[in-house]
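Now for the letters of each chain:
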Amino acid sequence: MSAAITLKPLATAPRPTTSTIEEAAWVRWLLIGAALAFLVVFLFLPLVAVFTEALRKGAGAFFTALGDPDARAAIRLTFIAAAIAVPLNLVFGVAAAWAIGKFSFPGKSLLITLIDLPFAVSPVISGLVYVLLFGLQGWIGPWLRDHDVKIIFAVPGIVLATIFVTFPFVARELIPLMQAQGSDEEQAAVSLGANGWQTLWHVTLPNVKWALLYGVILCNARAMGEFGAVSVVSGHIRGETNTLPLHVEILYNEYNFVAAFACASLLALLALVTLALKAFVESRSRQETL
Amino acid sequence: MSIEVQNITRQFGAYTALDGVDLKIETGELVSLLGPSGSGKTTLLRIIAGLERTDTGRVLLHGEDATDIPIRERRVGFVFQHYALFRHMSVFKNIAFGLNVRPRRERPSKASIRNRVHELLRLVQLDGLGDRYPAQLSGGQRQRVALARALAIEPRVLLLDEPFGALDARVRRDLRGWLKRLHEELHITSVFVTHDQEEALEVASRVVVMNHARIEQIGTPAEILSRPATPFVRDFLGQDRGGESVESLRPPGRADFALGLLTGAAPRS
């Protein structure tokens with residue numbers, strides 16, 4: 001035991017940060033300029049337009065539009081749908097990614113494909129599926145009517161459609177990472193006496209925490225912004241089954257532009273907050289992997 | 001504690017990893033499972049640990065049938081080839097993990113866990129590195145953390161899967177001698193898997209040579225060298241005696257690199 005072992009970490013050579021292969025100045029400026037122009041026209045201008053339209057008649061009209069009972073109901077419903085859909089998809093996403101990333105079982109590739117289904121089909125179809133199932137002419141619609149359960153054209157339908165559309169986000173973020181990490185650490189944990197719950201809580205989840213947060217942020221953004229699927233099942237009842245995106249559409253169709261853009265600016269703000277959170281999460285996870 | 005496996009067979013689809021293997025390891029031995037890749041040695045080690053199930057036969061630990069005992073209750077220390085350290089935990093937390101996950105009434109007090117971890121850090125010569133994270137350690141240091149972590153649960157046997165396989169040649173030689181001395185000090189029944197003849201012959205008190213899912217020969221290093229039981233054993237040990245054959249497949253280590261520069265040859269990449 002007295003053996004002196006001199007172990008030194010291998011020195012890593014500093015990586016060159018600038019490339020020595022560079023194009024001529026005018027080529028660089030042309031490319032950068034084209035990219036910037038594209039960004040301004042397609043991303044920045046629309047964002048500016050939303051806020052200028054919303055504030056066209058002053059801050060007073062802006063806040064009056066947001067204070068409208070129907071607008072407030074739409075905001076509340078949007079939050080309710082996201083507050084139910086996101087946690088459920090979080091649990092589902094972790095469970096699915098864990099099963100797919102850490103174990104092999106028959107039907108695994110089928111499960112992976114199924115998880116992608118909501119991305120593959122048009123949101124309108126997603127909504128129609130629920131109408132076909134739970135609508136009055138649908139498979140279990142009559143039974144639901146007899147038992148006085150309302151799903152379609154009511155809040156449960158909106159929540160269901162939102163869950164379906166945002167289904168893949170968390171699982172999609174986690175699966176590749178969990179597959180790359182393998183199950184060595186889990187095996188080590190179990191060999192040290194940890195049970196399944198301890199392994200998940202102390203080993204698996206901390207290793208994917210940034211990807212998980214990233215998935216939740218994207219899932220939430222989509223849950224609050226979803227239009228197509230929710231539109232089909234909502235029935236557009238003002239103050240009852242309108243989410244924020246649906247409310248924007250109704251206001252716009254009534255030529256109530258200030259109110260429409262005021263509500264739209266809330267969604268745009270949500271997008272900006274999402275992007276900021278996403279950038280923060282990405283920089284933190286990069287720091288930790290370095 | 002003794003380890004005995006009886007008539008172990010394991011198939012992966014059409015592939016036979018182990019074919020009716022019997023082996024008895026006495027208390028306090030340091031045994032090496034030696035063989036080329038695909039010979040079934042790692043599968044055998046994982047079956048002894050409980051990480052893999054066996055299709056037939058039994059695993060006895062200390063004379064008791066442990067075949068159906070799950071790994072978390074077997075109290076075996078397992079050291080993984082690629083360390084498998086918990087990357088988001090400090091070295092201290094890694095080593096303390098096995099004690100911290102015990103049910104509350106069996107869990108040692110915080111103070112005694114701390115003492116135990118520091119004792120183990122001293123044992124693996126990493127005192128003062130408890131606050132580091134695995135990514136901040138060299139390969140050899142990580143391997144010793146993995147060993148300390150496995151020893152923390154006071155395992156009844158220590159199982160090591162290619163413990164030095166991922167390290168460069170010089171570190172590997174250092175750790176080899178160190179593992180042997182550690183075993184002399186702790187006297188815990190230990191089994192390690194290797195494909196490196198030199199490593200097996202130098203470290204182990206007995207060597208189990210495996211090939212094609214079967215055991216070819218069991219004996220002390222001297223017996224195996226002087227009286228190889230089968231042509232395979234003779235051939236396998238005959239390959240220029242040691243790790244060199246394996247090392248030549250690896251990218252040049254620092255020593256090779258320096259030599260390359262001295263002779264003016266362009267370093268291989």
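Since the model is a prediction, treat every value here as computed from it, not as a measurement.

**Q** Outline the overall build of chain B, supporting the account with residue identities and numerical values.
**A** Counting its regular elements, chain B contains 11 helices and 10 strands. Within chain B, buried positions represent 49% of all 269 residues. Residue pairs in contact within chain B that sit at least 24 positions apart in sequence constitute 67% of those at least 6 positions apart.

**Q** Go over the sheet that holds strand β6 (residues 76-79) of chain B, please, and point to the residues and values.
**A** Residues and elements named next belong to chain B. Judged by pairing direction, the sheet is mixed, and its six strands sit side by side in the order β6-β7-β8-β3-β9-β10 without closing on themselves. For this open sheet the edge positions go to β6 and β10 (214-219), each flanked by a neighbour on one side alone. Each strand of the sheet is rotated relative to its neighbour by a mean of 15°, with strand direction disregarded. Here β6 runs beside strand β7 (residues 157-161); their pairing, made up of four bridges, is parallel. Residue pairing for β7: Val 79 is matched across the bridge by Leu 160. Of the strands in this sheet, β6 and β7 are in contact with helix α5 (residues 139-152), which crosses β6 at around 170°.

**Q** Outline helix α1 (residues 25-54) of chain A, supporting the account with residue identities and numerical values.
**A** Because an α-helix completes one turn every 3.6 residues, residues spaced three or four positions apart along the sequence face the same direction. For α1(A), spanning 30 residues, the distance from its first C-alpha to its last is 41 Å, which sits close to the expected 44 Å at 1.5 Å a residue. The largest bend along α1(A) measures about 40° and falls at Val40(A).

**Q** Explain the environment of Arg173(B) residue by residue, including any values.
**A** Residue and element names in this part refer to chain B. Along the chain, Arg 173 turns up in helix α6 (residues 169-186). According to the relative accessible area criterion, Arg 173 is partly exposed, its value standing at 40%. For the pair formed by Arg 173 and Thr 42, sequence separation is 131 residues and the distance between their alpha carbons is 21 Å.

**Q** Tell me what's going on with the packing of helix α3 (residues 69-102) of chain A against helix α11 (residues 209-225) of chain A, and back it up with residues and numbers.
**A** All names here are of chain A. In contact at an axis separation of 9 Å, α3 and α11 are set at 145° when each is read in the N-to-C sense. Of the two elements, α3 crosses α11, and the hand of that crossing is right-handed. Side by side, α3 and α11 meet where Thr 78, Phe 79, Ala 82, Val 86, Asn 89, Leu 90 and Val 94 of the first sit next to Leu 212, Val 216, Cys 219, Asn 220, Ala 223 and Met 224 of the second.

**Q** I'd love a proper account of the confidence of the model for chain B, names of residues and values included.
**A** All names here are of chain B. Of all residues in chain B, 88% have pLDDT values of 70 or greater, and the mean over the chain is 86. Mean pLDDT across the elements of chain B bottoms out in helix α11 (residues 254-262) (37) and peaks in helix α3 (residues 91-100) (96). Interface confidence in the predicted complex, given as ipTM, is 0.83; pTM for the same model is 0.78.

**Q** Report on the side chain of Ser234(A), specifying residues and quantitative values.
**A** Residues and elements named next belong to chain A. With respect to the helices and strands, Ser 234 occurs in helix α12 (residues 228-234). A relative accessible area of 0% places Ser 234 in the buried class. Of the polar contacts made by the side chain of Ser 234, one reaches the backbone nitrogen of His 236; its length is 2.8 Å. Ignoring anything within four residues of it in the chain, the contact list for Ser 234 reads Phe 153, Ala 154, Ile 158, Thr 241, Asn 242 and Leu 246.

**Q** Tell me about the packing of aromatic side chains, and please be specific about residues and values.
**A** Aromatic rings in a pair are described by how distant their centres are and how their planes are angled relative to each other. All names here are of chain A. One pass over the full model with this rule turns up 14 aromatic pairs over all chains. When the ring of Tyr 252 is compared with that of Phe 261, the centres are 6.4 Å apart and the planes differ by 80°; the resulting orientation is edge-to-face. The partly exposed category is assigned to Tyr 252, whose relative accessible area is 44%. Ring centres of Tyr 255 and Phe 257 lie 6.2 Å apart, and the angle between their planes is 90°; this geometry places the pair in the edge-to-face category. A network of ring pairs unites the aromatic residues Tyr 252, Tyr 255, Phe 257 and Phe 261 as a single cluster.

**Q** Lay out the packing of helix α4 (residues 110-123) of chain B against α5(B) in plain terms, naming residues and giving numbers.
**A** To characterise two packed helices, one gives the angle between the axes of the helices and the distance between these axes. Residue and element names in this part refer to chain B. The interhelical angle for the contact between α4 and α5, taken along N-to-C directions, is 140°, at an axis separation of 10 Å. Of the possible angle classes, the one that applies to α4 and α5 is oblique. Our pair here, α4 against α5, has a crossing hand that is right-handed. Residues Arg 116, Leu 120 and Leu 123 of α4 touch α5, and the partners they reach there are Ala 148, Leu 151 and Ala 152. Classifying every residue of the contact of α4 with α5 gives five nonpolar, no polar and one charged.

**Q** Please set out α5(B) residue by residue, giving values where relevant.
**A** With 14 residues, α5(B) extends 20 Å between its outermost C-alpha atoms, agreeing within 8% with the 20 Å of an ideal straight helix rising 1.5 Å per residue. In terms of residue burial, α5(B) counts as a mostly covered element, since 12 of its 14 residues are buried. At its buried positions, α5(B) is contacted by α9 (184-191) of chain A together with β6, α3, α4, β7 and α6 of chain B. Glu154(B) sits one or two positions beyond α5(B) and adopts a positive phi of about 50°.

**Q** Outline unusual backbone geometry, listing residues and values.
**A** Residues and elements named next belong to chain B. Even without a glycine there, the phi angle at His 62 is positive, about 55°. Within the fold, His 62 resides in the loop between β4 (56-61) and β5 (64-65). Positioned with a positive phi, Ala 84 is a non-glycine residue whose angle comes to about 55°. Counting through the fold element by element, Ala 84 comes out in the loop between β6 and α3.

**Q** I'd like to hear about the interface of chain A and chain B, residue by residue, with values.
**A** Taken together, the 25 residues of chain A in the interface contact 33 residues of chain B. Summed over both partners, the interface of chain A with chain B comes to about 2,700 Å²; 61% of that surface belongs to carbon and sulfur atoms. Put simply, chain A and chain B have one salt bridge between them. At the boundary of chain A and chain B, one finds six residue pairs in polar contact (both at pLDDT 80 or more). When contributions to the side of chain A that touches chain B are tallied by element, the ones reaching two or more residues are α9 and α10 (196-207) of chain A. Take the side of chain A that touches chain B: its biggest share by element is seven residues, from α9(A). The class makeup of the residues in the side of chain A that touches chain B is 13 nonpolar, nine polar and three charged.

**Q** Any chance you could break down the sheet that holds β5(B) for me, citing the residues and the numbers?
**A** All names here are of chain B. The strand order across the open sheet formed by four strands is β2-β1-β4-β5, and the pairing between neighbours is antiparallel. Looking at strand neighbours, the two that pair on one side only are β2 (15-25) and β5, the edges of this open sheet. Inspection of the sheet shows strand β1 (residues 3-12) paired to β4 by five bridges, in the antiparallel sense. Paired with Ile 3 across the strands is Leu 61, a residue of β4. Across the face of the sheet, helix α1 (residues 41-49) comes into contact with β1, β2 and β4 while running at roughly 120° to β1.

Rules and cut-offs
Residues numbered from 1 in each chain as written. Chains lettered and ligands numbered in written order. Predicted model: local features only at pLDDT ≥ 70, side-chain atom pairs only at ≥ 80, totals over all residues. Heavy atoms only, no water. Helix = DSSP H or I, 4+ residues; strand = E, 2+ residues; numbered from the N terminus. Buried < 20%, exposed > 50% of the residue type's maximum accessible area, 1.4 Å probe, protein only. Contact = heavy atoms within 4.5 Å. Pairing = 2+ DSSP bridges. Axes fitted to C-alpha atoms, helices over the stretch in contact; angles between N-to-C directions. Expected span 1.5 Å × (residues − 1). Bend = angle between axes of the 7 residues up to and from the residue. Left-handed = near helix turned anticlockwise from the far one by under 90°. pLDDT = per-residue confidence, 0-100. Polar contact = N/O pair within 3.5 Å; in protein donor to acceptor, adjacent residues only side chain to side chain. Phe/Tyr/Trp six-rings, centres within 6.5 Å; stacked < 30°, edge-to-face > 60°. Parallel < 35°, antiparallel > 145°, perpendicular 65-115°, else oblique. Nonpolar A, V, L, I, M, F, W, Y, C, P; charged D, E, K, R; others polar. Buried area = accessible area lost by both parts, 1.4 Å probe. Salt bridge = Lys/Arg side-chain N within 4 Å of Asp/Glu carboxyl O.

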